[in-house]
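Architecture at a glance
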Amino acid sequence: MSTKVAIQGVKGSFHEEAAYKYFGEAIETVECESFKKTCELLKQGKVDYVVMAIENSIAGSLIPNYALLRDYRFPIVGEVYLHIKLHLMALPGVSLQDIKFIQSHPIALQQCNDYLEENPQFKVTEAEDTAASAQRVSELQLKDTAAIAPQLAAKLYGLEILERRIETNKKNYTRFLILTDKPEEKVKAKVNKASISFQTGNGVGSLSTVLRCFAEQNINLSKIQSMPVLGKRNEYDFYVDVEWKDQADYDAAIRQVLKHTNNFNIMGEYVKNEKV
Ligand SMILES: O=C(O)C(=O)C[C@]1(C(=O)O)C=C[C@@H](O)C=C1
């Protein structure tokens, strides 16, 4: 039986591309209409993994997904970075002059702001995800509508690319997390990154004391995100990603951090995705 991976969106979306990049193409991707649905399927044992976007280099963190990580507490077992390349696509035979409407995922639209501003003749509408907009153009045979989507979606839904690489910033990356409820035995020597959450007191220097523990052990902090603790004023959960070269440095830093934090949780230890 092939590995089942829940993705937000339909086949041909960046989530599917991220799943293929991490697992290879011999998997079965399971389409979900929301990130919450992907987590529910994992909880019910209907899939083996979830692929979840967590941040984009232009749009920033996907904050609601931090709440899902907090609520479902699935271990993070890996990460994938994708170079996001966006194309304008339409039915075969349709030319740019025929296009009146453009559809895509709101984040993808945001990433193509310059192109859309330079072409005010197009009426822009939001879709559930990039590939769903390509699927709709194809299924409804919309001759006046183009989708902004990845190349994979053009291939899958039989569309032709009218304009290539219309994203404003060509250095456009999205980071995805790989979640599961049955963590694999990782070869400890290879693991070099972790996602951790904790709370600190609301006092002078309490967060900097924790961060110093990492710095003193030569541990690189690659991301920090805070989320309010539900129902508690001025109290936050901090989510940090850390990277290391020497496992002993990481172990020592964690021993120190434990002395200065509450609700400390290692959400996952995994291999950093170096190749983008
Ligand atoms: O619409 C898609 O194809 C998605 O996979 C969603 C998504 C996102 O959630 O940010 C993924 C990567 C890109 O940044 C744009 C959209």
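No experiment lies behind these values; they were computed from the predicted model shown.

**Topic: the sheet that holds strand S6 (residues 87-90)**
Read from one edge of the open sheet, five strands run S8-S7-S9-S6-S10, paired in mixed fashion. The two strands at the open ends of the sheet, each matched to only one other strand, are strand S8 (123-126) and strand S10 (160-163). In this sheet, adjacent strand axes meet at a mean angle of 35 degrees when their direction is disregarded. Inspection of the sheet shows S6 paired to S10 by three bridges, in the antiparallel sense. Considered in S10, the bridge of Ala90 is made with Glu160. Each of S6, strand S7 (101-104) and strand S9 (145-149) is contacted by helix H6 (residues 130-139), which is oriented at about 150 degrees to S9, the strand it contacts most.

**Notes on the UniProt feature "domain: Prephenate dehydratase" (unreviewed entry) in the protein**
The UniProt entry lists residues 4-181 under the feature "domain: Prephenate dehydratase" (unreviewed entry), expressed in the numbering used here. Note that residues 4-181 is 32% helix and 31% strand, and that its end C-alpha atoms are spaced 13 Å apart.

**A few points about the site of the ligand**
Taken together, 14 residues are adjacent to the ligand, and Ser13, Phe14, His105, Asp129 and Thr130 come closest. The set of elements that each furnish at least two residues to the shell around the ligand consists of helix H1 (14-23), strand S3 (49-56), helix H4 (106-111) and H6. Each of two domains, domain 1 (4-84 + 173-179) and domain 2 (87-163), supplies a minimum of three residues to the shell around the ligand.

**Observations regarding the pairing of S9**
Of all five residues in S9, five are buried; the element is thus mostly enclosed. Across three bridges, S6 lies against S9 in antiparallel orientation. If you follow His87 over to S9, its bridge partner there is Ala149. With three bridges connecting them, S7 and S9 associate as parallel partners. From the neighbouring strand, Phe101 faces S9, where its bridge partner is Thr145.

Conventions and cut-offs
- Residues numbered from 1 in each chain as written.
- Predicted model: local features only at pLDDT ≥ 70, side-chain atom pairs only at ≥ 80, totals over all residues.
- Pairing = 2+ DSSP bridges.
- Helix = DSSP H or I, 4+ residues; strand = E, 2+ residues; numbered from the N terminus.
- Axes fitted to C-alpha atoms, helices over the stretch in contact; angles between N-to-C directions.
- Contact = placed C-beta atoms within 7 Å.
- UniProt positions renumbered as here; feature names shortened; annotations may be inferred.
- Near = placed C-beta within 6 Å.
- Domains from an automatic or database assignment.
- Buried ≥ 20, exposed ≤ 12 C-beta atoms within 10 Å, placed from the backbone.

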